[in-house]
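Here are the chains, one letter per residue:
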Amino acid sequence: MKAEGRKRKRISWDEYFMQIAHLVSQRSTCMRRNVGAVIVKDKRLLATGYNGAPRGLAHCLEIGCVRDKLKIPSGQRHELCRGLHAEQNAIIQASLYGTSVKDSSMYVTNQPCIICAKMLINAGINEIVIAAGYPDAMASKLLREAKIKVRELKK
């Protein structure tokens, strides 16, 4: 049965998956930035991830942020953090359940950092759709060199 007199615009696949990435980001335990990522292939959701401490360990919302305490700027010294990035957690989740991410796309709320960019290249991700940038020019350069399509989804 049709709704009379009402037309509803259906969201695009890009909007759909990016909205899911934003929803996933709400599970983040990072005090600085809430990031969500989803891996998609053939319009099928393969895995999700958000940034936070490894499973079973205290997270920053409970014990505070070491990066804040050390006054480390965003985009630098990623190794000085208890948390994994959303992109890393999405790849790990897929791996845990035996799901290949080769030739898939990732929707992520921020541009990946250099560490995540290298992981996405080796995982076989062929497209990254971002909602916002991130201060990591080297990551952008590496992704271009690897011929991974990166596009920003405009609102």
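Placed above this text is the structure.
Residue indices follow the written sequence of each chain, beginning from 1 at its first position. The predicted nature of this model means local features are confined to residues of pLDDT at least 70 and side-chain atom pairs, given and counted, to a pLDDT of 80 or more, with totals for whole chains, interfaces and linings taken over all residues. Note that water and hydrogens are dropped before the side-chain values are worked out from all heavy atoms of the structure.

**A few points about the overall build of the protein**
Then, in step 1: The numbering of helices and of strands both runs from the N terminus, where a helix is a DSSP run of H or I of at least 4 residues and a strand a run of E of at least 2. Looking only at helices and strands, one finds 6 helices and 5 strands in the protein.
Then, in step 2: Put simply, the protein runs from its N terminus to its C terminus through helices and strands in the order α-β-β-α-α-α-β-α-β-α-β.
Then, in step 3: Between the two quantities, the radius of gyration covers C-alpha atoms and the globule rule is 2.2 Å times the number of residues to the power 0.38. Its C-alpha atoms give the protein a radius of gyration of 17 Å, within 12% of the compact-globule value 15 Å for 155 residues.
Then, in step 4: For the protein, the C-alpha atoms occupy an extent of roughly 60 × 35 × 30 Å along the three principal directions.
Then, in step 5: Per-residue accessibility, obtained with a 1.4 Å probe over protein chains only, is compared with the maximum for each type, and a residue is labelled buried under 20%, exposed over 50%, and partly exposed between these values. The 155 residues of the protein split such that 41% are buried.

**Notes on the pairing of strand β5 (residues 149-152)**
Then, in step 1: When strand β4 (residues 127-130) meets β5, the two strands line up parallel, connected through 4 bridges. Bridging from a neighbouring strand, V129 pairs with R151 of β5.
Then, in step 2: Between the parallel elements β4 and β5, the chain passes through helix α6 (residues 137-145) in a crossover that is right-handed. Two strands form a pair only when DSSP identifies at least two bridges running between them. Handedness of a crossover is defined as follows: orient the strands so they point away from the viewer, and if the path from the first strand over the helix to the second runs clockwise, the crossover is right-handed.

**Topic: the environment of I91**
Then, in step 1: Secondary-structure assignment places I91 in helix α4 (residues 86-96).
Then, in step 2: In the structure, I91 is positioned 32 residues away from A123 in sequence and 7.6 Å away in space, judged by C-alpha atoms.
Then, in step 3: Beyond its immediate sequence surroundings of up to four residues, I91 is in contact with I39, M119, L120 and A123. Here, two residues are considered to be in contact whenever any of their heavy atoms come within 4.5 Å of each other.

**Quick word on the nonpolar core**
Burial of nonpolar side chains together is a common tendency in soluble globular proteins.
Then, in step 1: Buried Ala, Val, Leu, Ile, Met, Phe, Trp, Tyr and Cys residues that are joined via side-chain atoms within 4.5 Å together make up what is termed a nonpolar core. By size, the foremost hydrophobic cluster in this structure holds 22 residues, and its most contacted members are I39, M106, V108, I125 and I128.
Then, in step 2: Listing elements by their share of this core, those giving two or more residues are β1 (36-41), β2 (44-50), α4, β3 (105-108), α5 (114-123), β4 and α6.
Then, in step 3: With sequence-adjacent residues up to four places away left out, V108 is seen in contact with M18, V35, G36, A37, E87, I128, V129, I130 and A131.
Then, in step 4: Ranked by size, the runner-up nonpolar core spans 11 residues in total, among them F17, V24, Y107 and A131.

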